[in-house]
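Examination of the molecular architecture
The chain contents come next:
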Amino acid sequence: MKKIIKKLPLHDIHLGLSAKMGDFAGWKVPLFYKSIIEEYKHCREKVALFDISHMGEFIFEGDIKKSGLEEAVTPWIKKIPLGRSRYGFILNQAGGIIDDLVIFKINESKIMFVVNAASESIDYQILQERITGGKLENISAKTAKIDLQGPLAKEILVEVLNFKADIPYFSFKEFNYQGEKLLISRTGYTGELGYEIFIPNNLASFVWDQFINNKDVMPAGFAARDILRLEMGYSLMGNELKNTITPIEAGLGKFINFNKDFVGKTALLKQKEEGVAKIKVAFSSSSRRIPRSGYKIYDQDREIGEVTSGTFSSCLCSGIGLGYINSDCTQPMKNIFIGDEKKIRFGAEVVELPFYKQGSLKKDNN
Amino acid sequence: MDTYYTKNHEWVKIEDNIATVGITEYAAAQLGDVVFIDLPEIGKECEQDKTLAEIESVKAASDIYAPLSGKVIESNAKLDDAPETINNSPESEGWIAKIELSNLDETKNLMDKEQYSKHLETL
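Below is a short write-up of the structure. The model shown is predicted, which means the values in this text are computed figures rather than measured ones.

The rules behind these values
Residues numbered from 1 in each chain as written. Chains lettered and ligands numbered in written order. Predicted model: local features only at pLDDT ≥ 70, side-chain atom pairs only at ≥ 80, totals over all residues. Heavy atoms only, no water. Disulfide = S-S within 2.5 Å. Buried < 20%, exposed > 50% of the residue type's maximum accessible area, 1.4 Å probe, protein only. Helix = DSSP H or I, 4+ residues; strand = E, 2+ residues; numbered from the N terminus. Arc of directions from axis to C-beta. Contact = heavy atoms within 4.5 Å. Axes fitted to C-alpha atoms, helices over the stretch in contact; angles between N-to-C directions. Left-handed = near helix turned anticlockwise from the far one by under 90°. Nonpolar A, V, L, I, M, F, W, Y, C, P; charged D, E, K, R; others polar. Polar contact = N/O pair within 3.5 Å; in protein donor to acceptor, adjacent residues only side chain to side chain. Phe/Tyr/Trp six-rings, centres within 6.5 Å; stacked < 30°, edge-to-face > 60°.

Turning our eyes to something else, we now look at the state of the cysteines. Applying the stated rule across the entire model yields 0 disulfides over all chains. Unpaired in this structure, Cys315 of chain A has its nearest cysteine sulfur neighbour in Cys317 of chain A, at a distance of 9.0 Å.

Here it is in C-alpha cells:
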C-alpha cells in the first residue's frame, strides 16, 4: 500500500513563501524558506513563526481517577494545577518510551494531550486500551498549531492578537478570537521565550497571516527548529527517544514521579536499582564538523556508542550532538571521537547541557 | 581565461598552467548553508575525478572532486572561518583551491558553460 503523505492546513501558504518542502512523520512540511541558519538566527534574536500543525491533540473528558487515565501516563495528572501543563511519557511495560507528550489541565475533568505526529495513532489506540471510562476524542485532524518563538514573542503576541495575559512557563489560557477559541500555551521547543498557539483549522491561515504581516516575524522551517532544539539538548522522539529506551537512560528521570502508579513503573524502579545499560551524552566537536545521526562514538579506537542527532551550532561555532554510550565506559567520559566508519573521524568533548545558555526562555524570570 | 565545468558541479578557471577550482551556484544551492570545508593541503597531489576536499552543510557531508590533475599550490583560508562565503559567492570569492596542472589535455573531459547549462536542464 502506498504510504500517504499528509498536507498541513497551511500547505499552500508555505508554497507561496517558496518553502523547500520535505517529508517528516508522514507529513509534507516546510524544511526551510530561504536559509536554515538565517531562520535559526532570527528565532534567537527576534521572533520566528513555525507551522507545527502535524502534531496530535486529544481531549479527555470524564473522571480522571475512575477512568484509569492517571496510570496510563507518567505525569501526576491530579497534581497539575488548572491552567498548567506537564511534560511526561506514555511507557510500555518495560519502561520504554512509546511517546513523549505534554498534558494540559483544562479543568478537573478535562485534559488535553499533545503528542508527536508519528505516534498519534498508536498513542490514541493505547490510551483507549488503558482507560475504562470517560471519553477520549482525537481532535488532531481539526486542530492547527502555530509556534511563535523568540525574545520578541510576548510583544508580538500583544501586537498581533491583543493577547495581554502574562502567563508563566508551562501554563496556558483559552482565548476568544474571531469567534473561535484558541489555546495559547507558554511552551516551545527552542529555548527562547515563546508560545504554542492551538487553533481550529478553519482559522489557521488567518492567524498565520496576521503574524507574518508583522515586520519582526520571519517564517522558520523544520531544519531551523532542529538546530534550535538541539542547542538546548531537547530530545526528539525517534532519535533520542525510542520504545527501547527508558526515561532514565534518556536522562529524563527528573520528569518521573514515583509516588504514583503508571505503566512501566516496575521496570523503571528496577532500573533505578540495578543501573542502566547506556547513558545519553551531549558533545561538541573540536571543529565545525557535524556529528550526524548514525555516526559511531569512540573512546580512542573502541566503539562505545552512537550519535542520535547532530547539527552545526552557530553559537558555539562547532558541531554539536546527542547520543548514547555504554554505561560501562570510564565515567565521566570527556574526550571522544566521532566517525562514520569509513573515512570521517574527528574529536569531540562531552559537555553539560544546554549547549546554548543565553536563551530568553524565562526572560521575565517566570 | 578559460572556464570549464564538471558533471559533479565543480567549476575550474585556467590561466596559463594554474587552475582555480570551486563549486557552482547549483551545487551551493543544493548543499544549503555550508558550515565546514576540509581544505586540501598545500602540496597535495590531486587526480582528476578523485576527492579534492570535503564539504559539510547543515544538510549533508559531501566530497568535492578535482576537475583536473596536478598539485595544490594554494587554498582559500578565508573559508576556514567563513565557509558561508561559498553560499554567498560560490563562483568568485568562494573559490576553494588553486592547482598547478600536470596535464592540460584533461580539459577535453570537461564541459564548457553552454554544455554545463544543458546538463543542468536534464536534472
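Residues and elements named next belong to chain A. For helix H5 (residues 120-130), every residue scored as buried is listed here: Glu120, Asp123, Ile126 and Leu127. Viewed along the axis of H5, the buried residues span an arc of 135°, placing them on a single side of the element. Facing away from the buried side of H5, by more than 90 degrees, are the exposed residues Ser121 and Glu129. Looking at the packing, one finds that the buried side of H5 touches strand S5 (56-61), helix H4 (69-72), strand S6 (85-91), strand S7 (97-107), strand S8 (110-115) and strand S9 (135-138).

We now examine the packing of helix H6 (residues 153-161) of chain A against helix H7 (residues 201-212) of chain A. All names here are of chain A. Between H6 and H7, the least distance of the axes is 10 Å, while the angle of their chain directions is 120°. Handedness of the crossing formed by H6 with H7: right-handed. Side by side, H6 and H7 meet where Ile156, Leu157, Val160 and Leu161 of the first sit next to Val207, Gln210 and Phe211 of the second. Here the contact of H6 with H7 is composed, by residue class, of 6 nonpolar, 1 polar and no charged.

Moving on to the side chain of Ser171 of chain A. Residues and elements named next belong to chain A. Mapped onto the fold, Ser171 is located in the loop between H6 and strand S11 (172-177). The exposure class assigned to Ser171 is buried, which follows from its relative accessible area of 3%. Here the side chain of Ser171 touches Pro168 through a polar contact of 2.5 Å, landing on its backbone oxygen. Once residues within four sequence positions are removed from consideration, Ser171 is found in contact with Gly83, Arg84, Ser85, Ile184, Ser185 and Arg186.

Residues and elements named next belong to chain A. Within the structure shown, the criterion is met by 13 aromatic pairs over all chains. Ring centres 6.3 Å apart and planes at 45° place the aromatic pair Tyr177 and Phe206 in the tilted group. In this pair, Tyr177 sits in strand S11 while Phe206 sits in helix H7, placing the two residues 29 residues apart along the sequence. A residue is classified by how much of its surface remains accessible, and Phe206, at 34% relative accessible area, is partly exposed. For the pair Phe258 and Phe262, a centre-to-centre distance of 6.1 Å together with 50° between the ring planes defines the contact as tilted. On the basis of relative accessibility, which here comes to 6%, the residue Phe262 falls in the buried class.

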